[in-house]
Amino acid sequence: MIGPQGSGKGTQAQKLSKKFGLPIFSTGNILRQRIHTEDELGKKLSRIINNGILAPDEIVNKIIAEKIENDGYKGYILDGYPRNLAQARFLAGMDELTHVFEINISDKEAFRRITGRRTCPKCQIVYHLDYNPPREEGVCDKCGERLVIRDDDKSETVKRRLRMYYETARPLVEFYNKKKIHHLIDGEQSIEDVGRDILRVLG
Ligand code: AMP
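Owing to the predicted nature of the structure, the values given are computational and were not obtained by experimental measurement. (Residues numbered from 1 in each chain as written. Predicted model: local features only at pLDDT ≥ 70, side-chain atom pairs only at ≥ 80, totals over all residues. Heavy atoms only, no water.)

A. Structural context of the overall build of the chain. Broken down by element type, the chain carries eight helices and six strands. Ordering the α and β elements of the chain from the N terminus gives α-β-α-α-α-β-α-β-α-β-β-α-β-α. By the compact-globule yardstick of 17 Å for 203 residues, the chain fits well, its C-alpha radius of gyration being 16 Å. Principal-axis analysis of the C-alpha atoms places the extent of the chain at approximately 45 × 45 × 35 Å. Counting all 203 residues of the chain, 44% fall into the buried class. Of the contacts formed within the chain by residues at least 6 apart in sequence, a portion of 68% connects residues at least 24 apart. Carbon and sulfur atoms provide 50% of the accessible area of the chain, an area that totals close to 11,300 Å². Taking the average place of the 35 positive charges on the side chains of the chain and the average place of its 30 negative ones, the gap between the two points comes to 1 Å. (Helix = DSSP H or I, 4+ residues; strand = E, 2+ residues; numbered from the N terminus. Rg over C-alpha atoms; globule rule 2.2 N^0.38 Å. Buried < 20%, exposed > 50% of the residue type's maximum accessible area, 1.4 Å probe, protein only. Contact = heavy atoms within 4.5 Å. Areas by Shrake-Rupley, 256 points an atom, 1.4 Å probe, with all protein chains shown as cover. Lys, Arg positive; Asp, Glu negative; His and termini not counted. Charge placed at Lys NZ, Arg CZ, Asp CG, Glu CD.)

Given below as structure tokens:
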């Protein structure tokens, strides 16, 4: 799943995961969990993520390689990886993707969505105050943990992340276009309609 912050790629990954019984490998979630180990690497990652810049390729490539090499999956969904051309090339050396979904939204819509976003710090489920609220206000449906606003969902960081996203996503899209597995999806529709468009491509 490729898309700017707030495009709903994490939400769609969760829907696909449930429907097809596939695991989601989300580098963002894995890195955020790694921060809780307050060692040197954890502190370094915390600075990187809170500033909205990309983590080093070696770190994220290693995370994904370990997941993919752990055989026995009938498939998987990647959310937030690859993020640049170097990562896409690394991945291509390990496995062939079947579909790449680029979920497209305007910057204006991205801002609107991100300000309403609330995340469960424990199981990483993402809610939205208007579009996808939890059953009980401020509390995760699944585990009961208090929901939080992620540091990197704050306005200045969001601007930087969107700029960086477009710089790195363009070559990535070209790479998958050439392989004829890239599909552009209109992310400004309802969660259900975006999901329907993805399923239509998957047949
Ligand atoms: P996400 O939850 O996917 O928006 O990721 C949150 C943050 O984790 C990003 O802003 C980056 O700092 C880092 N990150 C996640 N995935 C990657 C990746 N594939 N390459 C580099 N940094 C990543």
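B. Main features of the packing of helix α2 (residues 27–35) against helix α3 (residues 40–50). Packing of α2 against α3 brings their axes to within 8 Å, and their N-to-C directions diverge by 130°. Of the possible angle classes, the one that applies to α2 and α3 is oblique. In the packing of α2 onto α3, the handedness of the crossing is left-handed. Together, Leu31, Arg32, Arg34 and Ile35 of α2 and Leu41, Gly42, Leu45, Ser46 and Ile49 of α3 make up the contact between the two elements. When the residues that make up the contact of α2 with α3 are grouped by side-chain class, the tally is five nonpolar, two polar and two charged. (Axes fitted to C-alpha atoms, helices over the stretch in contact; angles between N-to-C directions. Parallel < 35°, antiparallel > 145°, perpendicular 65-115°, else oblique. Left-handed = near helix turned anticlockwise from the far one by under 90°. Nonpolar A, V, L, I, M, F, W, Y, C, P; charged D, E, K, R; others polar.)

C. Structural view of the pattern of salt bridges. Taken as a whole, this structure holds 11 salt bridges when the rule is applied. Across the pair arginine 196 and aspartate 193 runs a salt bridge whose closest N-O atoms are separated by 3.4 Å. Taken together, the residues span about one helical turn, with arginine 196 and aspartate 193 both in helix α8 (residues 191–202) at a distance of three residues. A residue is classified by how much of its surface remains accessible, and arginine 196, at 36% relative accessible area, is partly exposed. One salt-bridge network, held together by shared partners, links Asp193, Arg196, Asp197 and Arg200. (Salt bridge = Lys/Arg side-chain N within 4 Å of Asp/Glu carboxyl O.)

D. Layout of the site of the ligand. With respect to spatial proximity, 17 residues lie near the ligand, and among them Thr27, Ile53, Ala55, Gln87 and Arg161 are the closest. At a separation of 2.9 Å, an oxygen atom of the ligand approaches a polar side-chain atom of arginine 32. The contact in question runs from an oxygen atom of the ligand to an N or O atom on the backbone of isoleucine 53, over 2.5 Å. In isolation the ligand exposes 480 Å². Once the protein is present, 96% of that is buried. Those elements giving two or more residues to the shell around the ligand turn out to be α2 and α3. When residues of the shell around the ligand are assigned to their parent elements, the largest contribution, four residues, is made by α2. When grouped by side-chain class, the residues that make up the shell around the ligand number eight nonpolar, four polar and five charged. (Near = heavy atom within 4 Å. Polar contact = N/O pair within 3.5 Å; in protein donor to acceptor, adjacent residues only side chain to side chain.)

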